[in-house]
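Structural overview for review
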Amino acid sequence: MSPQGSITRRLLRRAGPIAAVLGLVLAAPVVQSAAAAPSVTLYASPSGAGSTCSSSSPCSLSGAQSAVRTQLAANGSADVSVLLADGVYRLSKTWSLGTADSGTPGHPVVWKSAPGARPVISGASQVTGWTQVGSSGVWSAPVPRTSDSRQLYVGGHEAPMAQATPASLGFRGSWTGSSTGYTISGDQAAMAWFGSLTASQVAGVEFDYPGGNGPWTESRCRVASFSAAAGTLKMSQPCWTDVTARASFAQGSGGLPSMSTNTMPALIENARTLIGSGQWFLDGAGGTLYYKPSAGQQMSALDVELPHLESLVQGAGTLDAPVHDITLSGLQFSFATWNAPSTSAGFADVQSNLRMTGANNQGMCTFSTPAGSCPWGSLTQPLANVSFTASKNITLTGNRFAELGGAGLNVMYGAANTLIQGNEFTDIASTAILLGCTYDPLPTDPSEAAGISQNCTSNGATERAAIGTNEILTGTTVADNVIHHIGTDYSSASGITLLFSQHTTITRNNLYDLPYTGITAGVVQGHVDQASTPQNSTNINSSNTISDNIFHDYLSVRSDGGAIYVEGHQAQYVYQADGKTIDPVQTLAKGLQVTGNIAYHGPSTNFTYYDDAGSEWVNWQGNVAFGAGGSAQGGCSPTGHFWITGNYFSAGIQSYPCAQPVDTHASGNTTIPATPKPTDLPNALLKAAGAGSGSFTPVLSVPASIFYVSPTAGATQVLVAGEGFGPSTPVYIGSTPVSNVTHLSSGFMIVPVPAGTTAGQISVTPQVPGSIRVNDDDSRVAYSGFTYAGGRSYGDYQNDVHYATASGSTASLTFTGTTVTVYGEQNTDQGNIGVSVDGGAQQVVSTLPSDGVRHANVAVYTSGRLSSGTHTVVVTKLSGQYSTLDGFTV
């Protein structure tokens, strides 16, 4: 049975109750079998050469592609596979896939990893030849003078660009803003710092504004020039205007706020003099890369990767001749950049990483004066490092998208029947998956043709069939993927962004450790629609489904989002016999089906399931939300036509603080605790959600980790939620294995517990016998100068920490035992802590990572053997920007 066939069956089973209520008849697609075809296997390796492409004499990647084309030219229906050996395939240019690389229906060309291999498709060059620069601790290496990148990867992870806060540079902050930039003459430290830079160095400096254009945004603009005589900083245009002076528009149901010109940047970035531990600076014109190792790092042992490509893989055809029937499986796509935010347009953030790059009324169409670009909401999308346009029958399965500087994957213009299944998306600067194009809400509208050609085709192709529905993104399935730790550079990123499409199914994915929203559908499109003006902006959205996904630890950086966020039209209207009255049953069937999703640990969420500006025709059915913010469902100025039925929510529903929607229906919903126990939720819901809960078994997996344990007091069993659970995942209470664990899914287990068990004793690895873990939020820990932080999603114990910024801050614990271990975090923004026991000498401990990468829940100090009895341990912040405490073991 094909993966798509099993998904269809699953959706039909889930849709059954809905169909019965709505009176619908659903039919499964007809699957036709293909005749046997000749099978050809080719081989490639990073060191391959020639044209033989055999197992003993493999080709290069480009050589294998030429061999594939030769095979297809000889027999277009052949089953052609290319096995990629282990290693790094360093691309000198984008790997482009077109019609000549295409298979036939039922006989796709398959590019896959050889057994046991993990081939990496890389857009970077390894940097070598490092020499130390004086005694500064900074090292330099030669790179091509054409080098240009916003990312550097050290030891397999992104290293932060050279940066510092204004306060750490001694800036007073007495800056006044204007339409062109800042006057800083009253800040002598800032005057001296900018005065020490050359004109070209000033023009490279970037300012970062978290929350500048609304708490859901993080805009960035570069400095254009500095005048010492006038004491002014001129900011780059159009970025500065797009951030500080956005045009107003009429009939708004959602705002696009401007930032005050007096706003100080939170960070100052991209100058060599700013380099701190674990940071880098690229002098492209001078052909030199600079890096300052973190404590314990040895340059000779570091793998440093500098990207030179923005696009790794580009599958693109035309509407008349799409690229088609290609499978990519078991590959890793890594080490690419995205340089557009470094231009004068910067990153003028609007929402979900969509941004303005032109006039300050971009995308406002006829609703602003003067009119902006059309259609409404035609904002600029982030570049994706892997993309497909004008495509058909593309399958991506078992791949890893990691260490990428743009979005991970984009599928948009004229793409049909794309399967994205069982992949991992992590360590990505922007969003993981971007579906659709902001310039193509109405494919049959001739006035949108120019914008579509310029903005919706990744290869710039302008060949177009007759304008029509063949442009629509349709039949996309996103299933069984794991998406975590994305939006690392652009924190307004959503896990999955869905723009305009039909028959899209997003199901059984795990999304967590997200800075903003989990899945967004619509994005700004509804900002001129609401109950009073429902038809200002329309689109082709129809028959899309978001089902059985697990969301947790989202909105960890930004706010005003949700697990699932919806805007704008979500259905094509179906009219009754009079041709004027909307048929609600048939129209809802074409609306957005949001069913069986589970969301938890979103404490800053205002609406877990968020139907915002102009959203309409949404079926919220059988979803779960607990410990997830203020309201489980609601939004600001939606249009309406909502059904909220059969859900399990720990917070209220139908919260519409701005303007009321029309035609809402709520019934059969169950109120559950914010910390539910096993009996509060149906096992069937927990079993059906998350990667691998259907018939498909993902190849990739993440380490098992626990994010939630239901209350243990008086309980005989607890609900445990997390990631990476499998049928054989062990569970321990302390050091004792637990038997009779019910493994429900990759995200949930039910664990029997004896009386007296605490949540801290439950783990997926055995704890030291006789030890007791004391979490940082335990009332026995006394703090001075520390602040609580929950939902950070870095792997903290119990998903929370206490942190301090002021040196001298303390945390203390009085305990009875013979040994104490202090847990914290290692990161490049940390420094030294001091630990003393019973008032003894303070031991200085460094919490800087040796590899320049964040490590959470780390044992940073363990005492020697203490006498039996009561003792007190005191932890003091000594240096660094932060000090983090994650609790103790005694």
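I will try to describe carefully the structure that is included in this document. (Residues numbered from 1 in each chain as written. Predicted model: local features only at pLDDT ≥ 70, side-chain atom pairs only at ≥ 80, totals over all residues. Heavy atoms only, no water.)

1. Re the overall build of the protein
When its secondary structure is counted, the protein shows eight helices and 70 strands. Here the C-alpha radius of gyration of the protein, 28 Å, is about what a compact globule of 890 residues would show, namely 29 Å. A principal-axis box enclosing the C-alpha atoms of the protein has dimensions of 85 × 70 × 70 Å. Within the protein, the fraction of its 890 residues that count as buried is 59%. The long-range share in the protein, meaning contacts at least 24 apart out of those at least 6 apart in sequence, stands at 73%. When the accessible surface of the protein is totalled, it reaches about 31200 Å², and 52% of it is carbon and sulfur. Side-chain charges of the protein comprise 34 positive and 52 negative groups, with the mean position of each set lying 4 Å from the other. (Helix = DSSP H or I, 4+ residues; strand = E, 2+ residues; numbered from the N terminus. Rg over C-alpha atoms; globule rule 2.2 N^0.38 Å. Buried < 20%, exposed > 50% of the residue type's maximum accessible area, 1.4 Å probe, protein only. Contact = heavy atoms within 4.5 Å. Areas by Shrake-Rupley, 256 points an atom, 1.4 Å probe, with all protein chains shown as cover. Lys, Arg positive; Asp, Glu negative; His and termini not counted. Charge placed at Lys NZ, Arg CZ, Asp CG, Glu CD.)

2. Quick look at the sheet that holds strand 22 (residues 313–316)
Strands belonging to one sheet form pairs held by backbone hydrogen bonds; the direction of such a pair is parallel or antiparallel. Taken in spatial order, the ten strands of this open sheet run 4-22-27-30-33-36-39-42-45-48, and their pairing is parallel. Each edge of the open sheet is held by one strand with a lone partner, namely strand 4 (95–97) and strand 48 (631–634). Averaged over neighbouring strand pairs, the angle between their axes works out to 10° when direction is ignored. Bridge analysis of strand 39 (residues 519–521) against strand 42 (residues 564–566) gives three bridges, and the strand direction is parallel. In the sheet register, Ile519 faces strand 42, and the bridge partner there is Ile564. (Pairing = 2+ DSSP bridges. Axes fitted to C-alpha atoms, helices over the stretch in contact; angles between N-to-C directions.)

3. Observations concerning the state of the cysteines
Here the structure, examined in full by the defined rule, presents five disulfides. Across a sulfur-sulfur distance of 2.0 Å, Cys365 and Cys374 are joined as a disulfide pair. Because the torsion about its S-S bond is 95°, the bridge between Cys365 and Cys374 counts as right-handed. A relative accessible area of 12% means that Cys365 is categorised as buried. With relative accessibility at 42%, the residue Cys374 sits in the partly exposed group. (Disulfide = S-S within 2.5 Å.)

4. Here we look at the sheet that holds strand 56 (residues 736–737)
What the three strands build is an open sheet, ordered 56-55-59; its pairing is antiparallel. Whereas interior strands pair on both sides, the edge strands pair on one side only; in this sheet they are strand 56 and strand 59 (762–763). Bridging between strand 55 (residues 732–733) and strand 56 involves two bridges; their strand directions are antiparallel. In the strand pairing of strand 56, Tyr732 is matched with Pro737.

5. Focus on the pairing of strand 66 (residues 832–837)
Of all six residues in strand 66, five are buried; the element is thus mostly enclosed. Strand direction decides the pairing type here: strand 66 and strand 67 (residues 843–846), joined by four bridges, are antiparallel. What sits directly across from Val835, in strand 67, is Gln843. Between strand 66 and strand 67, which follow one another and run antiparallel, lie five residues, and Asp838 among them has a positive phi close to 55°. Two elements, strand 66 and strand 69 (residues 870–877), share five bridges in a ladder whose sense is antiparallel. What sits directly across from Val835, in strand 69, is Val875.

6. What to know about the pattern of salt bridges
Counted under the stated rule, the structure contains 13 salt bridges. Asp208 serves as the salt-bridge partner of Arg220, at 3.9 Å between the closest nitrogen and oxygen. Remark: Asp208 occurs in strand 15 (residues 206–210) and Arg220 occurs in strand 16 (residues 218–227); sequence separation between them is twelve residues. This pair shows no difference in class: Arg220 is buried, exactly as Asp208 is. Residues Lys677 and Asp680 are paired through a salt bridge, measuring 3.4 Å at the closest nitrogen-oxygen approach. Here the salt bridges share partners, and the residues they tie into one network are Arg150, Glu206, Asp208, Glu218, Arg220, Arg222, Glu269 and Arg558. (Salt bridge = Lys/Arg side-chain N within 4 Å of Asp/Glu carboxyl O.)

7. What to know about the nonpolar core
Side chains of a nonpolar character, in soluble globular proteins, are inclined to be buried together. Trp95, Trp111 and Leu328 are the most contacted members of the largest nonpolar core, which has 80 residues in total. Sorting elements by how many residues they give to this core places helix 2 (residues 61–74) first, with five residues. For Trp111, the contacting residues outside a window of four places in its chain are Leu61, Ala64, Gln65, Val68, Val82, Leu84, Trp95, Ile326, Thr327, Leu328, Ser329 and Leu331. Of all hydrophobic cores here, the second largest spans 51 residues; its members include Phe249, Ala271, Met364 and Leu499. (Core = buried A, V, L, I, M, F, W, Y, C linked by side-chain atoms within 4.5 Å.)

8. Things to note about empty space enclosed by the protein
The full count for this structure, using the stated rule, is three cavities of 30 Å³ or more. Its boundaries defined by the atoms lining it, the largest cavity holds a volume of some 60 Å³. Residues belonging to the lining of the largest cavity are distributed by class as follows: eight nonpolar, one polar and two charged. (1 Å grid on protein atoms, 1.4 Å probe; cavity = no way out; pocket = protein on both sides within 12 Å on 5 of 7 lines; lining within 4 Å. Points joined across faces, edges and corners; volume = space filled by probe spheres on them. Nonpolar A, V, L, I, M, F, W, Y, C, P; charged D, E, K, R; others polar.)

9. Thoughts on the packing of aromatic side chains
Counted by the stated rule, this structure contains 37 aromatic pairs. Each residue in the set Phe171, Trp175, Tyr182, Trp193, Phe194, Phe207, Tyr209, Phe226 and Trp240 is aromatic and connected to the rest through ring pairs, giving one cluster. In this structure, Arg773 is placed above the aromatic ring of Tyr797, and the distance from its NZ or CZ to the ring centre is 4.0 Å. Looking at Arg773, its charged tip hangs above the ring of Tyr823, at a distance of 3.7 Å from the centre. (Phe/Tyr/Trp six-rings, centres within 6.5 Å; stacked < 30°, edge-to-face > 60°. Lys NZ or Arg CZ within 6 Å of the ring centre and 35° of its normal.)

10. Here's the deal with helix 3 (residues 188–195)
Those residues of helix 3 lying buried are Ala190, Met191, Trp193 and Phe194. Buried positions in helix 3, seen along its axis, are confined to an arc of 165° and lie on one side of it. Facing away from the buried side of helix 3 by more than 90 degrees, the exposed set consists of Gln188 and Ala192. Buried positions along helix 3 lie against helix 4 (199–202), strand 15, strand 16, strand 17 (232–235) and strand 18 (267–269). (Arc of directions from axis to C-beta.)

11. Regarding the environment of Val875
With respect to the helices and strands, the residue Val875 is situated in strand 69. With relative accessibility at 3%, the residue Val875 sits in the buried group. Along the backbone, Val875 and Gln842 are 33 residues apart, and their C-alpha atoms lie at a distance of 9.0 Å. Non-local contacts of Val875, meaning those with residues more than four positions away in its chain, are made with Ser809, Thr810, Ala811, Val822, Ile833, Gly834, Val835 and Phe888.

12. Considering helix 2
For helix 2, built from 14 residues, the straight-helix expectation of 20 Å at 1.5 Å per residue is met to within 8% by its first-to-last C-alpha distance of 20 Å. Those residues of helix 2 not exposed but buried are Leu61, Gly63, Ala64, Gln65, Ala67, Val68 and Leu72. Buried residues belonging to helix 2 abut strand 1 (39–44), strand 2 (79–84), strand 3 (88–90), strand 4, strand 5 (109–113) and strand 6 (120–122). (Expected span 1.5 Å × (residues − 1).)

13. As for the environment of Trp376
Residue placement: Trp376 occurs in the loop between strand 26 (354–356) and strand 27 (384–389). Look at Trp376 and you get buried, because its relative accessible area is 5%. Linking Trp376 and Met299, residues 77 residues apart in sequence, is a C-alpha distance of 50 Å. Ignoring any residue separated from it by four or fewer positions in sequence, one finds Trp376 in contact with Phe249, Gly363, Met364, Cys365, Phe367, Val524, Gln525, His527, Val528 and Ser537. Polar side-chain contacts of Trp376 include one of 3.0 Å to the backbone oxygen of Val524. (Polar contact = N/O pair within 3.5 Å; in protein donor to acceptor, adjacent residues only side chain to side chain.)

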